[in-house]
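The lines below spell out each chain.
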Amino acid sequence: EAARYLETVKAFDGKDDSLIRKREFTTHIEQVTHALGSVRSVNKTDASQLLAQFGCWKNLANASVEELSVCPGVGPKKVRRLREVFHRPFNTEIAKKRRREEREKMEEKKRDDDEGGQVVVKGGE
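Bear in mind that the values here come from a model prediction, so they are computed numbers and not experimental data. Within every chain, residues take consecutive numbers counted from 1 along the sequence as written. Where totals are concerned, whole chains, interfaces and linings use all residues; where local detail is concerned, this predicted model gives features only for residues with pLDDT of at least 70, and gives and counts side-chain atom pairs only at 80 or more. Hydrogen atoms and water are omitted, and side-chain values are computed over all heavy atoms in the structure.

S.K.: Mind showing me how you'd approach the side chain of Asp46 here?
M.R.: Looking at where Asp46 falls in the secondary structure, it is placed in helix α3 (residues 44–54). Of note is the side chain of Asp46, whose polar atom sits 2.5 Å from the side chain of Lys78. Aside from chain neighbours lying at most four places away, what touches Asp46 is Ser41, Gly73 and Lys78. Helix and strand definitions follow DSSP, with helices as H or I runs of at least four residues and strands as E runs of at least two, each counted in order from the N terminus. Think of a polar contact as two N or O atoms within 3.5 Å of one another; within protein, one of them needs to be a possible hydrogen donor and the other a possible acceptor, and neighboring residues in sequence only count if both atoms come from side chains. We call two residues in contact whenever any of their non-hydrogen atoms come within 4.5 Å of each other.

In structure tokens:
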């Protein structure tokens, strides 16, 4: 294992850090391509096709299902995922609700464990 580390150090000896540094996307095309590439199953080629077809991010985000379907290489699955991404609201309330539900489930499970699995009957019987 130590030998592998030494080989790696030797391989990068005298070279600048640009090989391992995180790449920054400076142009508009690079930024849009990177953002579209984060959508599941959309690759760089698809992103380039979409950008060429619609010209800018705004047109792409406002495109209808039919308009997206016309783009070469973009099938129904990718169209559905793109529409989902573009039209899903940025809502922290949904995340808060999900965390609250998970917390309630954990508390309920803990109560059940504390009761030793016994059934507690409430209300006179």
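Now, onward.
S.K.: Explanation requested: unusual backbone geometry in the structure shown.
M.R.: Leaving glycine out, the prevailing phi sign among residues is negative, and the prevailing peptide bond configuration is trans. The backbone phi angle of Ser41 is positive, close to 75 degrees, even though this residue is not glycine. Examined against the element boundaries, Ser41 turns out to sit in the loop between α2 (28–37) and α3. Only protein chains enter the area calculation, which uses a 1.4 Å probe; residues under 20% of their type maximum are buried, those over 50% are exposed, and those in between are partly exposed. Overall, Ser41 belongs to the partly exposed group, its relative accessible area being 36%.

S.K.: Please explain the environment of Val39 as it appears in this structure.
M.R.: Within the fold, Val39 resides in the loop between α2 and α3. Taking relative accessible area as the criterion, Val39 reaches 8% and is therefore assigned buried. Note: C-alpha distance between Val39 and Lys78 (39 residues apart in sequence) is 8.6 Å. Contacts of Val39, omitting those with residues within four sequence positions, involve Arg81, Leu82 and Val85.

S.K.: Got a minute to help me understand the pattern of salt bridges in this structure?
M.R.: Side chains that differ in sign of charge can pair as their charged atoms come close. A carboxyl oxygen of Asp or Glu within 4 Å of a side-chain nitrogen of Lys or Arg is what we treat as a salt bridge. The full count for this structure, using the stated rule, is two salt bridges. We note a salt bridge from Lys78 to Asp46, for which the minimum N-O separation is 2.5 Å. One end of the pair, Lys78, is in helix α6 (residues 76–87); the other, Asp46, is in helix α3, and 32 residues separate them in sequence. Of the two residues examined, Lys78 and Asp46, each falls in the buried class. For Glu84, the salt bridge is made with Arg80, and the minimal N-O distance between the two is 3.9 Å. Linking Glu84 with Arg80, this pair stays in helix α6, spanning four residues, or about one helical turn. The class for Glu84 is partly exposed, based on a relative accessible area of 39%. Its relative accessible area of 45% is what places Arg80 among the partly exposed residues.

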